[in-house]
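# What the coordinates show
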Amino acid sequence: MLESKRCTIRAFQRSDIREIRKLYKNEEVRKYLGGVPQAQTIDASLKGMERPKSDSYYWIIREKQTDEFIGLASLDPHHDGGNIELSYQLLPRWWGRGYATEIR
């Protein structure tokens, strides 16, 4: 587990699936990520997180004081095939507070 000033950051676990679904179903979160995916696509993504490839990593971000779910960060191959991409999805209530900058 990693920690920042306000967050705990730990590897994805099966018990996180319900909260991850909130990210994938949130229209605001998904606005610039291709929109809200269909249920089968969400299920496939979650299975990929449970059994990630050797070059993919997924972390759950929680608020340290309350243990509330903030979002997901990942390192994955970029679609260009040559680079690794750091990405994150945070629930909207946590936007604008510096969490994305803090966790990178």
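For the structure, see preceding data.
Residues numbered from 1 in each chain as written. Predicted model: local features only at pLDDT ≥ 70, side-chain atom pairs only at ≥ 80, totals over all residues. Heavy atoms only, no water.

### Regarding the overall build of the protein chain
Check the secondary structure of the protein chain and you find four helices and five strands. Here the C-alpha coordinates of the protein chain stretch approximately 35 × 25 × 25 Å along the principal axes. Looking at the protein chain residue by residue over its 104 residues, the buried ones come to 38%. When the accessible surface of the protein chain is totalled, it reaches about 6,900 Å², and 48% of it is carbon and sulfur. (Helix = DSSP H or I, 4+ residues; strand = E, 2+ residues; numbered from the N terminus. Buried < 20%, exposed > 50% of the residue type's maximum accessible area, 1.4 Å probe, protein only. Areas by Shrake-Rupley, 256 points an atom, 1.4 Å probe, with all protein chains shown as cover.)

### Some words on the side chain of Asp76
Relative to the helices and strands, Asp76 resides in strand β4 (residues 69-77). Among buried charged residues, Asp76 stands out as having no salt bridge; its nearest opposite-charge side chain is Lys53, 8.5 Å away. Side chain to side chain, Asp76 and Tyr58 meet in a polar contact 2.9 Å long. In terms of polar contacts, Asp76 uses its side chain to reach the side chain of Ser74, at 3.1 Å. Ignoring anything within four residues of it in the chain, the contact list for Asp76 reads Asp55, Ser56, Tyr58, Asn83, Ile84 and Glu85. (Lys, Arg positive; Asp, Glu negative; His and termini not counted. Salt bridge = Lys/Arg side-chain N within 4 Å of Asp/Glu carboxyl O. Polar contact = N/O pair within 3.5 Å; in protein donor to acceptor, adjacent residues only side chain to side chain. Contact = heavy atoms within 4.5 Å.)

### Some points on the sheet that holds β4
Taking strand neighbours across the sheet as the criterion, the five strands line up as β1-β2-β3-β4-β5 in an open arrangement whose pairing is antiparallel. In the strand order of this sheet, the two ends are held by β1 (2-3) and β5 (84-90), each with one partner. As defined by bridge partners, β4 adjoins β5 across seven bridges and the pair is classed as antiparallel. Bridge pairing links Ala73 to Tyr88 in β5. Along the sheet, helix α1 (residues 17-25) makes contact with β3 (57-63), β4 and β5, crossing β4 at roughly 80°. (Pairing = 2+ DSSP bridges. Axes fitted to C-alpha atoms, helices over the stretch in contact; angles between N-to-C directions.)

### Observations regarding the packing of α1 against helix α3 (residues 39-50)
In the contact formed by α1 and α3, the axes pass within 11 Å of each other and the chain directions differ by 135°. With respect to each other, α1 and α3 are oriented oblique. At the point where α1 passes α3, the crossing takes the right-handed sense. Contacts between α1 and α3 involve Ile17, Ile20, Arg21, Tyr24 and Lys25 on the former and, on the latter, Ile42, Asp43, Ser45, Leu46, Met49 and Glu50. When its residues are assigned to classes, the contact of α1 with α3 shows six nonpolar, one polar and four charged. (Parallel < 35°, antiparallel > 145°, perpendicular 65-115°, else oblique. Left-handed = near helix turned anticlockwise from the far one by under 90°. Nonpolar A, V, L, I, M, F, W, Y, C, P; charged D, E, K, R; others polar.)

### Side note on the environment of Gly48
Within the fold, Gly48 resides in helix α3. Overall, Gly48 belongs to the partly exposed group, its relative accessible area being 29%. It is 9.8 Å that separates the C-alpha atoms of Gly48 and Tyr58, two residues lying ten residues apart in sequence.

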